[in-house]
Amino acid sequence: GKRAFIAGIADDNGYGWAIAKSLAAAGAEILVGTWVPVRTKYLETSLRRGKFDESRVLPDGSLMEITKVYPLDAVFDCPEDVPEDEVAESVKQDFGTIDILVHSLANGPEVSKPILETSRNGYLAAISASSYSFVSLLKHFIPIMNPGGSTISLTYIASEKIIPGYGGGMSSAKAALESDTKVLAFEAGRKHNVRVNTISAGPLRSRAAKAIGF
Ligand code: ZID
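Residues numbered from 1 in each chain as written. Predicted model: local features only at pLDDT ≥ 70, side-chain atom pairs only at ≥ 80, totals over all residues. Heavy atoms only, no water.

1. Comments concerning the sheet that holds strand E6 (residues 195–200)
Across the sheet, 6 strands lie side by side as E3-E2-E1-E4-E5-E6; this open sheet has parallel pairing. Strand pairing shows two members of the sheet lacking a second neighbour, strand E3 (66–72) and E6, which therefore form its edges. Going from strand to strand, the sheet's axes swing by 20 degrees on average, the running direction of each strand aside. Looking at chain direction, strand E1 (residues 3–7) and strand E4 (residues 98–103) are connected through 4 bridges and run parallel. Within E4, the residue paired with Ile6 across the bridge is Val102. Its contacts with the sheet put helix H3 (residues 84–95) on E1, strand E2 (29–35), E3 and E4, and the angle it makes with E3 is roughly 155 degrees. (Pairing = 2+ DSSP bridges. Helix = DSSP H or I, 4+ residues; strand = E, 2+ residues; numbered from the N terminus. Axes fitted to C-alpha atoms, helices over the stretch in contact; angles between N-to-C directions. Contact = heavy atoms within 4.5 Å.)

This is the structure we're talking about:
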């Protein structure tokens, strides 16, 4: 079977969880990367205590198994944060290789501000956590991806069309993510036989979406 690493699952409400379930239903082994140790503990504890059992149910009635949860910080600015290279190294040591890499994370601290009122720091933070995080994740995982492997991220139509409320440079971050997807598909495809795609998602009431009032 295939082995998948999904970055950006903090609970059972987001896209990452739903994608993990679909992959598990198709027979993949599931590894998860979760932001900061405290969220990692929450996810592990909740899984162990059965808090997510209802939402773990797969179409055949069995429960999705998550083999391992890793702490992961896609921005990495405190010493206790765990950056992508350490996570990729741990996955390599634990499992050797993966076949599927999912990037389901974004963060825009000033998302509620129109871009005209966005600070440089807010703008750069959005790009850092939502766009460069994919470049970095791919860069660190590609050496352990099997040829023929596949990667995917989640984007949003606000990259192309004006969506008031999706501010703080998040529209810019998604435009960067989409452009990078093409260039990375070219580079990763040629050099490693790994596919790079992004899906423009519809609305889902995840933690992140609630936080921005969508
Ligand atoms: P989520 O909160 O479940 O996942 C976001 C994850 O990012 C969380 O687990 C965070 O812990 C993690 N994270 C944030 N910063 C960092 C960091 N520095 N290091 C590591 N992890 C970090 O929310 P989600 O499922 O909504 O988000 C997953 C992906 O889907 C993101 O790329 C979103 O931008 C994307 N997406 C979501 C939606 C939505 O509706 N939920 C839409 C489009 C794309 C969207 O915004 N109409 C209105 C809005 C939308 C679509 C249609």
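2. Focus on the packing of aromatic side chains
The full count for this structure, using the stated rule, is 5 aromatic pairs. Note on Tyr42 and Phe52: the rings are 6.4 Å apart at their centroids and 75 degrees apart in plane angle, and the pair reads as edge-to-face. Here Tyr42 is found in helix H2 (residues 36–49), whereas its partner Phe52 is found in the loop between H2 and E3, with 10 residues between them in sequence. The class of Tyr42 is partly exposed, set by a relative accessible area of 30%. On the basis of an interplanar angle of 70 degrees and a centroid distance of 4.7 Å, the ring pair of Tyr156 and Tyr166 is categorised as edge-to-face. (Phe/Tyr/Trp six-rings, centres within 6.5 Å; stacked < 30°, edge-to-face > 60°. Buried < 20%, exposed > 50% of the residue type's maximum accessible area, 1.4 Å probe, protein only.)

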